[in-house]
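So you can see what is in the structure, the chains are spelled out below.
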Amino acid sequence: PHVCLHRHALCEEFRAWLSAVTQIELEPTVDISCAKYEYTDVLLCHDDELEGRRIAFILYLVPPWEESDGGTLDLYSTDEHFQPQQIVKSLVPSWNTLVFFEVSPVSFHQARSFLSEEKCRLSVSGWFHGPSIVRPARRTEAPLPRSPHIPYDHEILYEWINLVYLDMDSQAQIQEEFEERSEILLKDFLKKEKYQLLCEALENKDVQWSRRGPANKRLYETAEEDSLPDILKKFLQFLRSEALFLLLSNFTGLKLHFLAPSDEDEDAGEGRAADTAGHSSPKPEQEETDHHADSNPHQPDQPDNIPEAQDGETQNGSGVPVCAGELRRWTHGHYTLVHDTQATEFALDLLFFCGCEDWDPEYGGFTSYIAKGEDEELLTVNPEDNCLALVYRDKETMKFVKYINHRSLARLKKHANRTGFWDFSFVYYE
């Protein structure tokens with residue numbers, strides 16, 4: 001009966017009062033729900049916009065609460081494009097306190113991560129509805145710049161890569177597994193000495209990091225390439241190199257290089273990869289992953305003879321395979337979100353991780369793949385030292401990086417100077 005009385009009060013007396021105070025004609029429709037937030041829970045930056053929502057409200061039913069307990073309601077300022085900029089006000093939950101605000105193109109807010117292991121936050125929240133208002137057009141973000149490969153021959157592969165991955169039989173085995181599951185994890189991918197040099201360079205205090213937002217889509221740090229030590233610049237060149245494009249073609253069966261076989265060549269032969277290395281090394285034992293995505297790459301058979309470059313456009317529309325990528329730093333509070341304006345297309349994702357010792361999946365920071373419009377995860381890629389993850393996705397597949405929660409700070413007990421990890425995130429387009 002108390003819940004019914006509360007609902008009646010909100011829908012009748014309070015709605016009339018709120019309509020008079022805000023000068024908004026509110027309809028009888030009221031959405032009401034109850035939420036319970038506990039340790040490490042978070043509700044990330046959003047604006048509540050949905051057709052007909054006019055006033056959002058939260059009634060706090062909490063024990064004595066301090067700002068150090070987390071769970072504050074954070075309100076954001078916005079820029080000229082109606083995108084969230086920074087937190088300008090934080091409201092600490094308090095027993096029997098009602099907060100309400102108008103839902104608008106600039107009503108960005110979040111419930112900050114909950115830090116108390118003893119307390120939980122109960123609240124009754126929802127929206128009052130009214131006549132819809134005109135919304136500005138959503139801003140379309142410029143994507144990361146894409147570029148064709150840069151000319152480096154196979155020698156760069158021998159400089160960086162564990163030799164087991166340069167064996168032609170091994171590449172054929174990797175391709176077979178990848179074409180079956182659309183993903184693969186290649187462990188100990190780089191030579192140990194090269195990997196160690198990368199990790200040391202990533203700790204360099206001269207590297208400049210920039211925060212990448214906006215907060216309703218992502219929050220992490222990306223490196224300014226001009227500030228990087230030479231070893232990191234050279235690794236980025238490796239990831240953009242012609243030799244790696246061809247090696248990725250051999251790993252995946254995708255046509256990322258003109259020497260790679262295409263669908264038209266499938267009658268010419270099977271299971272043969274273009275020679276990236278010039279000769280073979282011992283056949284390795286290959287690592288397998290336990291997860292799979294629903295999207296499959298096209299699976300061309302491969303010819304005995306190397307084909308000439310083909311005319312015509314590829315899926316990225318440029319006629320030439322291209323890539324885009326960045327070096328990212330992840331730490332407590334970082335994440336990416338699936339959002340309405342997120343572009344989806346056929347692509348090969350490459351993730352290479354550094355500094356992940358003792359990283360627990362409970363910390364977050366893993367990359368999740370989901371089907372558009374669905375909540376169920378198709379695939380999870382966890383950060384793992386010196387591992388190269390390859391995932392092929394189609395137009396119906398979206399991805400996000402899970403929020404890195406407060407538990408991640410426990411890692412400082414083992415690694416005093418390590419607050420997070422790094423990844424090289426690249427996308428390759430046929």
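Everything in this summary refers to the structure shown in the same document.

Procedures and definitions
- Per-chain numbering applies: the sequence of each chain, read as written, is numbered from 1 onward.
- The predicted nature of this model means local features are confined to residues of pLDDT at least 70 and side-chain atom pairs, given and counted, to a pLDDT of 80 or more, with totals for whole chains, interfaces and linings taken over all residues.
- Computation of side-chain values covers all heavy atoms of the structure but excludes hydrogens and water.
- One speaks of a salt bridge when a side-chain nitrogen belonging to Lys or Arg is within 4 Å of a carboxyl oxygen belonging to Asp or Glu.
- Only DSSP runs of H or I reaching four residues or more are called helices, and only runs of E reaching two or more are called strands; each is numbered from the N terminus.
- Three labels apply to residues, based on accessible area from a 1.4 Å probe with only protein chains included: buried if under 20% of the type maximum, exposed if over 50%, partly exposed otherwise in between.
- Strand pairing requires that DSSP identify at least two bridges connecting the strands.
- Only the contacting stretch of a helix is used when fitting its axis, a line to C-alpha atoms as for every element, and angles between N-to-C directions run 0 to 180 degrees.
- In this scheme, roughly parallel covers angles under 35 degrees and roughly antiparallel covers those over 145, while 65 to 115 is roughly perpendicular and the rest are oblique.
- Note: crossing handedness is left-handed where the near helix turns anticlockwise from the far helix by less than a right angle, and right-handed where it turns clockwise.
- Here, two residues are considered to be in contact whenever any of their heavy atoms come within 4.5 Å of each other.
- Following the grouping adopted for this structure description, the nonpolar residues are Ala, Val, Leu, Ile, Met, Phe, Trp, Tyr, Cys and Pro, the charged ones are Asp, Glu, Lys and Arg, and the polar ones are all others, Gly among them.
- Only residues above 30% relative accessible area that lack a salt bridge enter a patch, with like-charged residues linked at up to 9 Å and the nonpolar side chains Val, Leu, Ile, Met, Phe, Trp and Tyr linked at up to 5 Å.
- Calculation of accessible area relied on Shrake-Rupley with a 1.4 Å probe; when residues are assessed, cover is drawn exclusively from the protein chains displayed.
- We treat Lys and Arg as the positive residues and Asp and Glu as the negative residues; His and chain ends play no part in the count.
- A charge is said to be at NZ when it belongs to Lys, at CZ for Arg, at CG for Asp and at CD for Glu.

Our next topic: the pattern of salt bridges. In this structure the tally under the stated criterion is 22 salt bridges. Among the ionic pairs, lysine 119 bridges to aspartate 69, the shortest N-O distance being 2.7 Å. Of the two residues, lysine 119 is situated in the loop between strand S7 (109–111) and strand S8 (121–129) and aspartate 69 in the loop between strand S3 (53–61) and strand S4 (73–78); the sequence distance between them amounts to 50 residues. For arginine 393, the salt bridge identified is with aspartate 349, shortest N-O distance 2.7 Å. On the criterion of sequence distance, the pair formed by arginine 393 in strand S17 (residues 388–393) and aspartate 349 in strand S14 (residues 347–354) is long-range, its members being 44 residues apart. When its relative accessible area of 2% is taken as the criterion, aspartate 349 is described as buried. One network of salt bridges, in which partners are shared, links Glu203, Glu357, Arg411 and Arg418.

This paragraph deals with the sheet that holds strand S1 (residues 30–37). Read from one edge of the open sheet, four strands run S1-S8-S3-S6, paired in antiparallel fashion. Each edge of the open sheet is held by one strand with a lone partner, namely S1 and strand S6 (97–102). Direction aside, the axes of adjacent strands within the sheet are offset by 20° on average. Where S3 meets S8, eight bridges bridge the pair, whose relative direction is antiparallel. Residue pairing across strands places tyrosine 60 opposite serine 123, the latter belonging to S8.

Attention now goes to unusual backbone geometry. Residues other than glycine predominantly adopt negative phi, and peptide bonds predominantly adopt the trans conformation. Of the consecutive residues glycine 213 and proline 214, the connecting peptide bond is found in the cis state with omega at 0°. Within the secondary structure, proline 214 sits in the loop between strand S10 (209–212) and strand S11 (218–223). Unusually for a residue other than glycine, phenylalanine 82 sits at a positive phi of about 65°. With respect to the helices and strands, phenylalanine 82 occurs in the loop between S4 and strand S5 (84–91). Take phenylalanine 82: its relative accessible area is 37%, and that puts it in the partly exposed class.

This next bit is on the packing of helix H4 (residues 192–202) against helix H5 (residues 230–239). Following both chains from N to C, one finds H4 and H5 inclined at 120°, their axes separated by 9 Å at the closest point. With respect to each other, H4 and H5 are oriented oblique. Here H4 and H5 pass one another in a crossing that is left-handed. Where H4 abuts H5, its residues Lys194, Leu197, Leu198, Ala201 and Leu202 lie against Ile231, Leu232 and Phe235. Classifying every residue of the contact of H4 with H5 gives seven nonpolar, no polar and one charged.

With that settled, the discussion passes to a negative patch on the surface. Taken together, Glu374, Asp375, Glu376 and Glu377 make up a surface patch of like negative charges. Relative to the elements of secondary structure, glutamate 374 occurs in the loop between strand S15 (367–371) and strand S16 (377–381). Residue class for glutamate 374 comes out partly exposed when judged on its relative accessible area of 48%.

Contact geometry for helix H3 (residues 168–181) and helix H6 (residues 242–252): axes closest at 6 Å, N-to-C directions at 60°. As judged from the angle between their axes, H3 and H6 are oblique. Residues Met168, Gln171, Ile174, Gln175, Phe178 and Glu179 of H3 lie in contact with H6, whose contacting residues are Leu247, Ser249, Asn250, Phe251 and Thr252. Each residue belonging to the contact of H3 with H6 can be placed in one class, and the counts come to five nonpolar, five polar and one charged.

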